[in-house]
Amino acid sequence: FKRDDEAVTQLYENTLSYNGKISNLEVAAVAGYSYQDFIYQGFNAGAGNFITDLSGQDFSTAQDIQNGLASINSYKNGNRLVAFFGRLNLNYNNIAFLSASLRREGSTEFGPNNKWGYFPAVSAGVDLNKFLNLPGFNTLKLRGSYGVTGALPPSPGLAAITYTSRGNYLINGNWISTFGPNQNDNPDLRWEKKAETDIGLDFAAFNNRLTGTMDYYKRKTSDLIFNVEV
């Protein structure tokens with residue numbers, strides 16, 4: 001039995017950042033582009049019934065080949081992932097905070113009708129103690145966030161029709177390999193999305209000897225990628 005597998009990953013990223021201050025407002029921004037390429041390929045062959053035990057790995061001496069009992073398989077698949085993204089952070093005098101981002105991402109793993117997805121996110125917070133000046137409190141920060149993330153399929157090629165071996169048959173003295181459909185195509189396969197909402201309160205009191213956090217959290221998944229046998 002012989003087997004050879006290979007995996008190659010390439011990554012290219014470019015980012016541009018900006019940091020500045022306008023009076024009491026601090027501004028930070030990032031924009032970028034990302035490209036990833038994944039290639040997986042391999043080959044394996046198996047045969048037995050050698051004419052001699054001294055043949056080593058010389059498959060030409062395996063009688064299984066001429067008898068149609070040998071197995072030879074190969075595969076090659078891969079995918080590309082491209083993203084454009086940007087993020088803006090604002091900080092007003094360490095009292096109020098705001099962050100917003102947007103990511104446009106495309107993958108060859110999805111159907112031709114839905115390769116691209118948009119994933120926004122926004123978060124904000126304010127230190128209420130700076131306004132209320134509550135006795136005993138060092139920090140009383142109210143915050144909230146909402147964001148959408150995307151998930152890739154568990155394996156490549158799920159949007160395309162695929163074929164698999166259906167066995168070898170002896171026809172007119174010759175061994176013929178047969179193939180048949182293994183999976184239906186799905187041109188509408190799209191990004192699985194998770195929308196998450198979080199509202200929280202952080203506090204510190206008595207010279208930071210007492211601290212705590214309270215959160216309300218909710219996640220909703222849509223366009224769930226789930227395999228269905230047909």
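This text goes with the structure placed above it.
Notes on the structure follow.

1. What about the nonpolar core?
Nonpolar side chains in soluble globular proteins generally cluster together in the buried interior.
Part 1 of the reasoning: Judged by nonpolar contacts, Leu81, Phe110, Phe119, Val148, Ala159, Leu189, Trp191 and Ile225 together constitute the single largest core of 8 residues.
Part 2 of the reasoning: Residues in contact with Leu81, not counting those within four places in the same chain, are Ser34, Tyr35, Gln36, Glu105, Gly106, Ser107, Leu152 and Trp191.

2. A word on the sheet that holds strand S1 (residues 2–22)
What links the strands of a sheet is backbone hydrogen bonding, and the strands pair in either a parallel or an antiparallel sense.
Part 1 of the reasoning: An order of S1-S2-S3-S4-S5-S6-S9-S10 is seen for the 8 strands of this open sheet, with the pairing classed as antiparallel. Both outer strands of the open sheet, S1 and strand S10 (210–222), are each paired with one neighbouring strand and no more. Sheet twist, expressed as the mean angle between neighbouring strand axes with direction ignored, is 10°.
Part 2 of the reasoning: Here strand S5 (residues 116–127) runs beside strand S6 (residues 137–151); their pairing, made up of 7 bridges, is antiparallel.

3. A short note on the environment of Leu152
Part 1 of the reasoning: Looking at where Leu152 falls in the secondary structure, it is placed in the loop between S6 and strand S7 (162–171).
Part 2 of the reasoning: The class of Leu152 is partly exposed, set by a relative accessible area of 35%.
Part 3 of the reasoning: Dropping the residues within four chain positions of it, Leu152 is found in contact with Leu81, Ser107, Glu109, Phe110, Trp191 and Ile225.

What counts and what doesn't
- Residues numbered from 1 in each chain as written.
- Predicted model: local features only at pLDDT ≥ 70, side-chain atom pairs only at ≥ 80, totals over all residues.
- Heavy atoms only, no water.
- Core = buried A, V, L, I, M, F, W, Y, C linked by side-chain atoms within 4.5 Å.
- Buried < 20%, exposed > 50% of the residue type's maximum accessible area, 1.4 Å probe, protein only.
- Contact = heavy atoms within 4.5 Å.
- Pairing = 2+ DSSP bridges.
- Helix = DSSP H or I, 4+ residues; strand = E, 2+ residues; numbered from the N terminus.
- Axes fitted to C-alpha atoms, helices over the stretch in contact; angles between N-to-C directions.

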